[in-house]
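Structural overview
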Amino acid sequence: MRMTVVTYLIYLLISVPLTIWVARTLSRNGRIFLVDVFHGNDDFADAVNRLLVVGFYLVNLGFVTLFLRTGSTVIDARGVIEQLSVKVGIVMVVLGVLHLSNVWIFNAIRRRSRLEEMTTPPVPPNDFVGTGPFQPPLTGTQQPMPQGY
């Protein structure tokens with residue numbers, strides 16, 4: 001029973017700092033990406049970044065806590081290493097999957113905003129193209145469009 005408790009403690013000593021390190025790294029390096037996604041709005045990007053970090057902590061530390069229990073009693077050092085390798089490995093996979101899903105979601109938001117920028121005309125359209133059978137006649141203040149356009 002004593003080795004099981006040692007396994008729990010080592011697992012927590014590895015998993016919690018690992019989660020904190022990943023969250024800080026993602027927050028620090030992801031800020032530039034979020035500013036780009038939100039068109040240079042630093043305050044909004046920072047707020048979303050903080051919310052993502054809180055959610056990241058809640059999901060991952062909750063998973064680490066739920067995954068603490070082992071199905072069998074750990075008897076020796078070999079059992080400790082085997083249990084730790086499985087547990088820490090699964091925590092790392094979950095951290096990676098959550099990171100990749102965040103990147104995928106924000107990349108989709110970024111692509112959509114870039115597409116909207118490309119479909120927005122650079123100059124607002126005017127009411128007429130030139131004179132013709134279906135166009136209103138020119139008034140004295142409007143310039144006629146040159147021929148060939």
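The text that follows walks through the structure, step by step, so that each part is easy to find. Please read these numbers as outputs of a predicted model, since none were measured by experiment.

**Observations concerning the overall build of the chain**
- Along its length, the chain carries three helices and zero strands.
- Its helices and strands in sequence order give the chain the pattern α-α-α, from N to C terminus.
- For the chain, buried positions account for 23% of its 149 residues.
- Taking as baseline every contact in the chain between residues at least 6 positions apart, the subset at least 24 positions apart corresponds to 70%.
- A total accessible area of about 11000 Å² is found for the chain, and carbon and sulfur atoms account for 67% of it.

**With respect to unusual backbone geometry**
- Unlike most non-glycine residues, His39 shows phi in positive territory, near 55°.
- Within the secondary structure, His39 is located in the loop between α1 (2-37) and α2 (42-66).
- Note on His39: relative accessible area 48%, which makes it partly exposed.

**Focus: the packing of aromatic side chains**
- Per the counting criterion, the structure on display carries two aromatic pairs.
- With a centroid separation of 4.6 Å and an interplanar angle of 85°, the aromatic rings of Phe38 and Phe44 are classed as edge-to-face.
- A relative accessible area of 18% places Phe38 in the buried class.
- Overall, Phe44 belongs to the partly exposed group, its relative accessible area being 42%.
- With 5.4 Å between their ring centres and 10° between their planes, Phe63 and Phe67 make a pair best called stacked.
- Judged by its relative accessible area of 25%, Phe63 falls in the partly exposed class.
- Positioned over the ring face of Tyr11 is Lys87, at 5.6 Å from the centre of the ring.

Conventions and cut-offs
Residues numbered from 1 in each chain as written. Predicted model: local features only at pLDDT ≥ 70, side-chain atom pairs only at ≥ 80, totals over all residues. Heavy atoms only, no water. Helix = DSSP H or I, 4+ residues; strand = E, 2+ residues; numbered from the N terminus. Buried < 20%, exposed > 50% of the residue type's maximum accessible area, 1.4 Å probe, protein only. Contact = heavy atoms within 4.5 Å. Areas by Shrake-Rupley, 256 points an atom, 1.4 Å probe, with all protein chains shown as cover. Phe/Tyr/Trp six-rings, centres within 6.5 Å; stacked < 30°, edge-to-face > 60°. Lys NZ or Arg CZ within 6 Å of the ring centre and 35° of its normal.

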